[in-house]
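Remarks on the overall topology
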Amino acid sequence: MRIILSGAGGAMGRTTIATVKNHPEHVIVAGVDKFADPSSFDFPVYDSFAKVTEKADCIIDFSVKAALKGILEYAVKNDVPVVLCTTGYDSDDTAAIKAAAAKVPVLMSGNMSLGVNTLIKLVKEAAKALSGADIEIIEQHHHNKADAPSGTAKMLLNAAKEIRGELTPVYGREGIVGKRRPEEIGVHAVRGGSIVGKHEVMFILNNEIVTLKHEAESKAVFSEGALRAAAFLTSSPAGLYSMSDVLK
Ligand SMILES: NC(=O)c1ccc[n+]([C@@H]2O[C@H](COP(=O)([O-])OP(=O)(O)OC[C@H]3O[C@@H](n4cnc5c(N)ncnc54)[C@H](O)[C@@H]3O)[C@@H](O)[C@H]2O)c1
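Notes on the structure follow.

The rules behind each value
Residues numbered from 1 in each chain as written. Predicted model: local features only at pLDDT ≥ 70, side-chain atom pairs only at ≥ 80, totals over all residues. Heavy atoms only, no water. Pairing = 2+ DSSP bridges. Helix = DSSP H or I, 4+ residues; strand = E, 2+ residues; numbered from the N terminus. Axes fitted to C-alpha atoms, helices over the stretch in contact; angles between N-to-C directions. Contact = heavy atoms within 4.5 Å. Near = heavy atom within 4 Å. Polar contact = N/O pair within 3.5 Å; in protein donor to acceptor, adjacent residues only side chain to side chain. Areas by Shrake-Rupley, 256 points an atom, 1.4 Å probe, with all protein chains shown as cover. Nonpolar A, V, L, I, M, F, W, Y, C, P; charged D, E, K, R; others polar. Parallel < 35°, antiparallel > 145°, perpendicular 65-115°, else oblique. Left-handed = near helix turned anticlockwise from the far one by under 90°. Core = buried A, V, L, I, M, F, W, Y, C linked by side-chain atoms within 4.5 Å. Buried < 20%, exposed > 50% of the residue type's maximum accessible area, 1.4 Å probe, protein only.

On to the sheet that holds strand β9 (residues 184–191). Adjacent strands of a sheet form backbone hydrogen bonds with each other and so pair up, either parallel or antiparallel. In spatial order, the strands read β8-β9-β7-β10-β11; together these 5 strands make up an open sheet with mixed pairing. Since the sheet does not close on itself, it has two edges, and those belong to β8 (168–171) and β11 (208–215), each with one partner. Each strand of the sheet is rotated relative to its neighbour by a mean of 20°, with strand direction disregarded. Across 8 bridges, the pairing between strand β10 (residues 198–205) and β11 is antiparallel. Within β11, the position partnered with Lys198 by the bridge is Glu215. Each of β10 and β11 is contacted by helix α4 (residues 114–129), which is oriented at about 165° to β11, the strand it contacts most. Contacts between helix α5 (residues 151–163) and the sheet are confined to β7 (134–141), β8, β9 and β10, with β7 contributing the most and set at about 165° to the helix.

Here we come to the site of the ligand. Taken together, 21 residues lie around the ligand, and Ala11, Met12, Asp33, Thr87 and Met112 are the ones closest in. At 3.0 Å, a backbone N or O of Gly10 approaches an oxygen atom of the ligand. In isolation the ligand offers 870 Å² of accessible surface; the protein chains occlude 79% of this area. In terms of residue class, the shell around the ligand is built from 9 nonpolar, 9 polar and 3 charged.

A word on the packing of α4 against α5. At a minimum axis distance of 8 Å, the contact between α4 and α5 shows a crossing angle of 30°. In terms of axis orientation, α4 runs roughly parallel to α5. Between α4 and α5 the crossing geometry is right-handed. Residues Val116, Asn117, Leu119, Ile120, Val123, Lys124, Ala127 and Lys128 of α4 lie in contact with α5, whose contacting residues are Thr152, Met155, Leu156, Ala159, Ala160, Glu162 and Ile163. Its residues assigned to classes, the contact of α4 with α5 shows 10 nonpolar, 2 polar and 3 charged.

Before going further, it helps to examine the nonpolar core. Across soluble globular proteins, nonpolar side chains have a tendency to be buried as a group. Counting 30 residues, the largest nonpolar core has Ile3, Ile60, Val83, Leu107 and Met112 as the members making the most contacts within it. Looking at this core, the elements that each hand over two or more residues are β1 (2–6), α1 (11–21), β4 (58–61), α6 (220–234) and α7 (243–247). With 6 residues, α6 is the largest single contributor of residues to this core. Of all hydrophobic cores here, the second largest spans 23 residues; its members include Val29, Leu68, Val82 and Ala100.

Here it is in structure tokens:
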């Protein structure tokens, strides 16, 4: 696959460059990064998608929400599938993504790892089996992470809500918060050091607790997942996909 890497100079961009080197069947033909130094790459890197001239089979994006418009315009104009790994999109962004997905294949996932996508399935099973449990989500990430809660925590929240529609998120707790209501689902963000990503979902009953937990040990799991998703999109029709479609 010929890949355009968006956010090439970021932590995930650099990890993806290293991951692609382990896959001789793939090559990065161009990168886009508004702030990176182009001389530090062995492929051309532009500060905007409007300047890309290379032909590609897919775009992999690990950048920022502000880059979305340029990515989608390029993908639709050039008929190139796009894997959106960036997190923190709002409802306007999601509407723009859906509109683009009517024309080209788009995969969006707050977490590209196989393990987390399995965790999501297990959360749904536990929410069914332990229907009266108090559920709390705790996520932990490195101190450079810009958004909270993480995209993965939101996916876990949505998985629990799919089974128990009454659940209402409570983001952190402070002050005299009163008695916990059964429909609350707590969501807590820990930030520090170099934590790659940890997610825990606690199902708390009287006298027993079930905790489902995933730990990413290396950022490479996300790049590997992004490559797998990109390969999936190159043989898929236009539409909006998630990692669960790739794993089916
Ligand atoms: N889906 C997943 O599995 C997954 C995994 C890890 C990270 N992420 C997400 O990927 C994104 C990037 O993470 P990171 O840790 O590499 O961040 P980072 O801050 O290290 O890198 C972001 C890069 O984007 C560049 N950039 C900033 N504005 C830009 C613009 N307008 N156009 C193009 N490039 C621009 C920056 O210069 C930087 O190099 C975040 O949203 C993060 O949450 C997702």
